[in-house]
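Architecture and fold: a report
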Amino acid sequence: MITVFGHKNPDTDTICSALIAAWWLRETGTESQAVRLGELNKETAYVLEVAGITKPELLTEVAEGQEVFIVDTNNPGELPETIGNGVLRGIVDHHLLAGGLKTGVPIPVLIEPVACTATILIERAQSKGAVIPREYALMAQAAIISDTLNGTSPTTTPRDMALLEQLPAFSGMATDELADAMFAAKSDLSGLSIAEIVRADSKEYTLNGHRVLVCAHETTKPVNALRIREDIVAELATQKETADLTGAYFFIVDILKQEAHLLVPSEHESAIAMRAFDVMPDAAGDFVLPGIVSRKKQIMPPLEAAYATVS
Ligand SMILES: [Mn+2]
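Residues numbered from 1 in each chain as written. Predicted model: local features only at pLDDT ≥ 70, side-chain atom pairs only at ≥ 80, totals over all residues. Heavy atoms only, no water.

**Side note on the overall build of the protein chain**
In terms of helices and strands, the protein chain carries twelve helices and eleven strands. Taken over the C-alpha trace, the protein chain has a radius of gyration of 19 Å; the compact-globule value for 311 residues is 19 Å, and the two agree within 12%. Principal-axis analysis of the C-alpha atoms gives the protein chain an extent of 60 × 45 × 35 Å. Residues classed as buried in the protein chain amount to 53% of the 311 residues present. Nonlocal contacts in the protein chain, meaning residues at least 24 apart in sequence, comprise 64% of its contacts between residues at least 6 apart. Approximately 13500 Å² of the protein chain is accessible, and the part contributed by carbon and sulfur atoms is 53%. (Helix = DSSP H or I, 4+ residues; strand = E, 2+ residues; numbered from the N terminus. Rg over C-alpha atoms; globule rule 2.2 N^0.38 Å. Buried < 20%, exposed > 50% of the residue type's maximum accessible area, 1.4 Å probe, protein only. Contact = heavy atoms within 4.5 Å. Areas by Shrake-Rupley, 256 points an atom, 1.4 Å probe, with all protein chains shown as cover.)

Okay, structure coming up:
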């Protein structure tokens, strides 16, 4: 039995790709099951509901000798601390090679420069002649919509777009219709604590020896987050303190306007932001960054460059 999972703070690609990979492993004769490393966000919960798929079980630790297959990350920092107990059976991902994972034997590793892990998995299955079942087509379509912001993110490749055009024939749902519903679900902050909002789509990075938290809240209703701006800034300060981080950043990514609104908790982040994005803060101390929507492609490279000069 192979246990399949993606990264902590799971997003739609991580959950859907784990489910798709587990399905494909079963189709090819290997018993397998998808699990999750954290709570689902509202977008992902909506997608599973429409697909008619039960939420995967929560995995808190990897047991000694447990066979695992990893999707949508290859970074040990985004995996359970007990990952070393497991026997790694494969990786399918679309992120930078982080290093640090160890195996006792060679395993299949497939990391490709596309916008979404589900793209790689579905292409693989189709190349072996698979007809994608409705629910898996829908989850793949949703994962691509999520990771490409429905084709608008600069991470989008022709391979992702080709599937976005092809998958509705199998899922029975138009891409724009699915995207609108997903983004509405993701933009709804009701019932969430400030800590949940800040941590929902956050990743920790080590830049030139400095640990920083970079949160991306993708939304079609930026006003929902801007309304609680003060609380978010206070929560960033708390997270910095408790996790002993050098910096914490909260990017409100306006999917419709295609711009980011950056909230920061102190002078440190403000100075870094000015250097990284060559902008001045507004009256509230926030930064408006036109055209910035992708953490991977547009946020991390300039942040990394800015931290390169911080001792
Ligand atoms: Mn992904």
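**Description of the domain arrangement of the protein chain**
Per the domain assignment, the segments of the protein chain are domain 1 (2-185) and domain 2 (194-307). A straight line from the C-alpha centre of domain 1 to that of domain 2 covers 26 Å. On the side of domain 2, 14 residues touch domain 1, which itself brings 13 residues to the contact. Carbon and sulfur atoms make up 53% of the surface buried where domain 1 meets domain 2, a total of about 1200 Å² over both sides. When the area that domain 1 buries against domain 2 is broken down by residue, the three leading residues are Asn 9, Leu 149 and Pro 154, summing to 41%. Seen at the junction of domain 1 and domain 2, the total is one salt bridge. (Domains from an automatic or database assignment. Buried area = accessible area lost by both parts, 1.4 Å probe. Salt bridge = Lys/Arg side-chain N within 4 Å of Asp/Glu carboxyl O.)

**Here's the deal with the sheet that holds strand 2 (residues 32-36)**
Spatially, the six strands line up as an open sheet ordered 3-2-1-4-5-6, and their pairing is parallel. If you trace the sheet from one side to the other, it starts and ends with strand 3 (57-58) and strand 6 (109-111), each paired once. Pairing of strand 1 (residues 2-5) with strand 2, which is carried by three bridges, proceeds in the parallel orientation. From the neighbouring strand, Thr 3 faces strand 2, where its bridge partner is Gln 33. (Pairing = 2+ DSSP bridges.)

**Some words on the coordination of the manganese ion**
Within the protein, Asp 13 (OD), Asp 72 (OD), His 94 (NE2) and Asp 147 (OD) serve as the donor atoms for the manganese ion, at 2.2 to 2.3 Å. Donor residues binding the manganese ion come from one chain and are separated in sequence as D-x58-D-x21-H-x52-D. Taken together, the residues His 94 in the loop between strand 5 (87-93) and strand 6 and Asp 147 in helix 4 (residues 134-148) connect sequence positions 53 residues apart. A residue is classified by how much of its surface remains accessible, and His 94, at 7% relative accessible area, is buried. For Asp 147, a relative accessible area of 18% puts it in the buried group. (Donors = N, O, S within 2.8 Å, 3.2 Å for Na, K, Ca; no water.)

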